[in-house]
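Reading the structure
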Amino acid sequence: MGEAYGSAKVKGESDETNAHGNMALVTPYASATTETDTKPELNGVQDASHSRMLIEDEIMAMASSLASLKSRRNNFLTINRLSSEILLHLFHFHASIEPPGSPTNSLGWIAVTHVCRKWRRVALEDSALWGNIGFALGSTWVAEMFSRARMTPLDITISQSVARLDNLAVLPSHQSHVRSLGLEVPAESRQCVNQILSTAAPALENLSITSRNPDGEAAMDFDIAIDTTLFENQASRLRSVTLSRVAIPWESFPSCSLSHLEVQLPPQSKRHPLGTTLEGLFDVLSGNPNLESLLLDHCIPAASHQWLPQYRCIHLPGLRYLSLSGTSTDVFHVMSALVIPLSTKLRMHCISTITGDKDSCLIIPLIFARLHENDSEPLRSMSLKFPAVSGPSFPWFQLTAHSVHPTFEQSRQPELHLRIDSSGKGFAGELRSVFHLLFPLLPLEDLRSLDVDNGNMLDPQEWVSCLRRCHNVTTVRASGHLVGFLRALTHPSLAQPAANNAAVVATSALPSGNPVSAPLPRLFPRLTVLSITRVDLTIPLPAPQRDKTTAHVILDVVKELALPKFPRKTLEVTKCKFASHWVPLLSGLGSNFSTFRWDKESLASVSYDE
């Protein structure tokens, strides 16, 4: 319309050139300036209303021509010289960091469609840009985004704040081209979730469902009962499944090729959801040999008496990470059936539920036999944690081991993470037996760093027997209640218990070939760094040394390390509680180390008198 109007001749002008020899610019604006002061001539046919309409039409034509000129002018801006492909790349990046409903801009990346015509045209023409559906803007915008996305693969995430039934109800109609689906849903939306999981999803690659209460906390339980196979067995592209507090029968899983499977149920759950069986779980694992990560937390069904799992052999040659949590029997059944690479990272959480549970001991050889293979990496750092002696929790211990230097522990998964819990206070002796069975199987010759938290579960002699192969340890960090461990760091004669001490009885669980009467070696002959933190040094020692406290043990350790035969480097004492008269003694000992770190200033303001 603007071009046609601009080509018309203006009254009083001709096609002749102007004074500069250029063709005169003919625009509606020229027409307006030539008749600025003229009054409209009315005849008998035209009236004022008709003339006003003509002027309005002319104004609209002028506005259209002006917009066209501005658009042409914008083409000379530097940013508008970018190609549509580059703009789309920027838009996609912007959409990934600022989705609709973000705090800084309620529209999020959609605001780019309001900048100029070119940006709007580029954004509207690319359906993939609208494939990440956001529900924060309301149902009207959701419908518009579905429309603009057309048949592009959809990535849908519904958080707990927008998990309303009306939002969930629209998903099945678009599920034929949903690529990724993530839901945080309350328990009352069970029916909608059942409908979603019962609808075919041929393009689905990633599925994540978390059950949450209205206050945002994780729900205690959330069962989904499905009569048929998930997605009507039409999810051949499914690669990743994550279910948190959502129980789906193993028999309902579709035929696909998963690379990631994660199912987490509440630890306190005492039942196996919906009557699913261990055989059903094994069928799922056998049908997905390309698994790279497998996490099963408290969702392993119990084995029935009619079906024994030891006859199954499940090969997972590409498995990189394995996490199993549950009763010792359940974990043992799964672990004994799997054939996995030596490089697989392991995380085990076993719970002994009955007295005399042998599966906690049986699982140890299954886990640690792989650590002695020729291709396995040696352990360089290890962390041991025990419950506080005065704590209300049941006995347990936790071991975490890395094959890399401690400096790099945070950047990668540990080679091994093992925790063994008990369901009663009468299990302490059994856990000690597991602990003694565990250490002879560990490759500790190359260990460099050791962390111990609450090391009082073992006596000093037991610590020396378990750690005597750690000749290359240079760094020890100790915290909590750890008199037994600290006494093991002193001279072996100080760690030897009396003949009638109850600790001698406890050493009956030690492996054969290590008699109690054998001379004990000095622990950690290459120790250069000792860090002691969060230790109450005012606690009295057990009988017959009740006249002494933990501080005396610390003093013996520090004196031992201050001898010339030890490579003296660093001593750290932080966040410890002790009597004020120990301050000058520790200060004097600190002079024997090249580096002595002590939060003396924070302790000097408070007096910890005995």
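Further up the page is the structure itself.
Turning our attention to the overall build of the protein chain. In terms of regular secondary structure, the protein chain is built from 19 helices and 19 strands. Expressed as a percentage of its 610 residues, the buried residues of the protein chain come to 44%. A sequence separation of at least 24 residues applies to 70% of the contacts in the protein chain between residues at least 6 apart. Just so you have it, the protein chain exposes about 31,100 Å², and 54% of that area is on carbon and sulfur atoms.

The biggest cluster of nonpolar side chains holds 144 residues, and the ones touching the most others in it are Leu 261, Phe 485 and Phe 524. By residue number, the principal contributor to this core is helix 17 (residues 550–561), which donates 7 residues. Here Phe 485 is in contact with Leu 450, Val 452, Gly 455, Trp 463, Leu 467, Val 476, Ala 478 and Phe 524, once residues within four sequence places are set aside.

Our next topic: the side chain of Thr 242. By the secondary structure assignment, Thr 242 is in strand 5 (residues 240–244). Only 3.4 Å separates the side chain of Thr 242 from the side chain of His 260, close enough to count as a polar contact.

A few words now on the packing of aromatic side chains. Enumeration according to the criterion identifies 6 aromatic pairs in this entry. Measuring from ring centre to ring centre gives 6.4 Å for Phe 386 and Phe 397, while their planes differ by 40°; the resulting arrangement is tilted. Highlighted residues: Phe 386 in the loop between strand 12 (381–385) and strand 13 (396–402) and Phe 397 in strand 13, separated in sequence by 11 residues. The two residues Phe 386 and Phe 397 agree in class, both being buried. When the ring of Phe 386 is compared with that of Trp 463, the centres are 5.9 Å apart and the planes differ by 90°; the resulting orientation is edge-to-face. Here Phe 386 is found in the loop between strand 12 and strand 13, whereas its partner Trp 463 is found in helix 13 (residues 460–467), with 77 residues between them in sequence. Judged by its relative accessible area of 2%, Phe 386 is buried. The exposure class of Trp 463 is buried, given its relative accessible area of 0%.

Scoring rules and cut-offs
Residues numbered from 1 in each chain as written. Predicted model: local features only at pLDDT ≥ 70, side-chain atom pairs only at ≥ 80, totals over all residues. Heavy atoms only, no water. Helix = DSSP H or I, 4+ residues; strand = E, 2+ residues; numbered from the N terminus. Buried < 20%, exposed > 50% of the residue type's maximum accessible area, 1.4 Å probe, protein only. Contact = heavy atoms within 4.5 Å. Areas by Shrake-Rupley, 256 points an atom, 1.4 Å probe, with all protein chains shown as cover. Core = buried A, V, L, I, M, F, W, Y, C linked by side-chain atoms within 4.5 Å. Polar contact = N/O pair within 3.5 Å; in protein donor to acceptor, adjacent residues only side chain to side chain. Phe/Tyr/Trp six-rings, centres within 6.5 Å; stacked < 30°, edge-to-face > 60°.

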